[in-house]
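Chain by chain, the residues:
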Amino acid sequence: LHAEGALAHPLGELEVGRRLAESAAVEKADDAIAKVNLTKFADSLPHTLSGGMKQRVAIARAICYRPRILLMDEPFGALDAQTRMLMQELLVRVWESQRLTVLFVTHDVEEAVTISDRVLVMSEGRIAYAVAAAQADRAMIGHHMGGHA
C-alpha cells in the first residue's frame, strides 16, 4: 500500500461493528499526512520513502485515531542528526495541535530535555529522578542515568 492507503485502510474499522466510509477514511488519512508534511508523498510506496519519512507515516497513522496517549519507544534512534532534529520539531508541533499525552522513551538526555515538559529517569524499574524539563539539570539527569549524559 502507498502512504495514504496505509493510513486510510485501517480506518475502515474504527470500532467493532462500525465502518468509516472510504471517503471519510481517505480524508482523515490526508489530514494526518498533511500534519506530518508528506502530502507530496501520499502515493509513494514504503520502499521509496526515507527513514524519516517512514517515521512520519508511523506518526500520522497513530494520530489518525486521535489517541489520548501516544507511546514512543526510541522512535528517532536510527535517524541521522538532522532528520532527528526535524522529527523532534514535528513531534512537538503534533503534540501542540493534538494536545495528547506523549510517553517518549529515550536514552538521549538532550532529546529528553528538548522535547519534553517533564523528564522522568527510570532505574531498575522505578522512577529515580523527576523534574520539569524547563528546570532540568542535564548533568543531574545524566548522573541518574548512570553517567550517560
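Procedures and definitions
Residues numbered from 1 in each chain as written. Predicted model: local features only at pLDDT ≥ 70, side-chain atom pairs only at ≥ 80, totals over all residues. Heavy atoms only, no water. Axes fitted to C-alpha atoms, helices over the stretch in contact; angles between N-to-C directions. Helix = DSSP H or I, 4+ residues; strand = E, 2+ residues; numbered from the N terminus. Parallel < 35°, antiparallel > 145°, perpendicular 65-115°, else oblique. Left-handed = near helix turned anticlockwise from the far one by under 90°. Contact = heavy atoms within 4.5 Å. Nonpolar A, V, L, I, M, F, W, Y, C, P; charged D, E, K, R; others polar. Patch = residues over 30% accessible without salt bridge, like charges linked within 9 Å, V, L, I, M, F, W, Y side chains within 5 Å. Areas by Shrake-Rupley, 256 points an atom, 1.4 Å probe, with all protein chains shown as cover. Salt bridge = Lys/Arg side-chain N within 4 Å of Asp/Glu carboxyl O. Buried < 20%, exposed > 50% of the residue type's maximum accessible area, 1.4 Å probe, protein only. Core = buried A, V, L, I, M, F, W, Y, C linked by side-chain atoms within 4.5 Å. Phe/Tyr/Trp six-rings, centres within 6.5 Å; stacked < 30°, edge-to-face > 60°. Lys NZ or Arg CZ within 6 Å of the ring centre and 35° of its normal. Expected span 1.5 Å × (residues − 1). Arc of directions from axis to C-beta.

Trainee: How do you make sense of the packing of helix α3 (residues 51-63) against helix α4 (residues 81-98) when you look at a structure like this?
Mentor: In a pair of packed helices, the angle between the axes and the distance between the axes together describe the arrangement. Orientation of α3 relative to α4, taken along the N-to-C sense of each, is 15°, at an axis distance of 11 Å. For the element pair α3 / α4, the angle class is roughly parallel. At the point where α3 passes α4, the crossing takes the right-handed sense. On α4, the residues touching G52, Q55, R56, I59 and I63 of α3 are T83, M87, L90, V94 and Q98. Residues belonging to the contact of α3 with α4 are distributed by class as follows: 5 nonpolar, 4 polar and 1 charged.

Trainee: Just checking my understanding: could you explain a nonpolar patch on the surface for this structure?
Mentor: Taken together, the side chains of I69, L71, L103 and V105 make up a nonpolar region of the molecular surface, amounting to roughly 370 Å² of accessible area. Broken down by secondary-structure element, the contributors of at least two residues to the nonpolar patch are β3 (69-73) and β4 (101-105). For L103, a relative accessible area of 49% gives the class partly exposed.

Trainee: Any chance you could explain the nonpolar core here in plain terms?
Mentor: Most often, soluble globular proteins keep nonpolar side chains buried together rather than apart. Among the nonpolar cores identified, the biggest contains 23 residues, and I59, M72, F76 and L91 are the most heavily contacted of them. With 5 residues, the single largest contributor to this core is α3. If near-sequence neighbours (up to four positions away) are discounted, F76 is found in contact with Q55, I59, R84, M87, Q88, L91, F104 and E111.

Trainee: So what exactly am I meant to see when it comes to the packing of aromatic side chains here?
Mentor: In this structure the tally under the stated criterion is 1 aromatic pair. Both rings, one in F76 and one in F104, keep their centres 5.6 Å apart while their planes meet at 50°; by these two values the pair is tilted. Placement of the pair is F76 in the loop between β3 and α4 and F104 in strand β4, with a sequence separation of 28 residues. The exposure classification of F76 matches that of F104, with both residues buried. Between the NZ or CZ atom of R99 and the centre of the ring of W95, over which it lies, the distance is 4.2 Å.

Trainee: I keep staring at helix α2 (residues 22-35) and nothing clicks. Help me out?
Mentor: Along an α-helix, residues three or four apart share an orientation, since each turn contains 3.6 residues. Between its first and last C-alpha atoms α2 spans 20 Å; for 14 residues at 1.5 Å apiece the expected length is 20 Å, and the two agree. Residues of α2 that are buried include every one of A25, A29, A32 and I33, and no others. Each buried residue of α2 lies within a common arc of 100° when the element is viewed along its axis, so the set occupies one face. Opposite the buried face of α2, by more than 90 degrees, sit the exposed residues S23 and E27. Phi for N37, located one or two positions after α2, is positive at around 60°.

Fair warning: the whole summary comes from geometry, so function is off the table for now.
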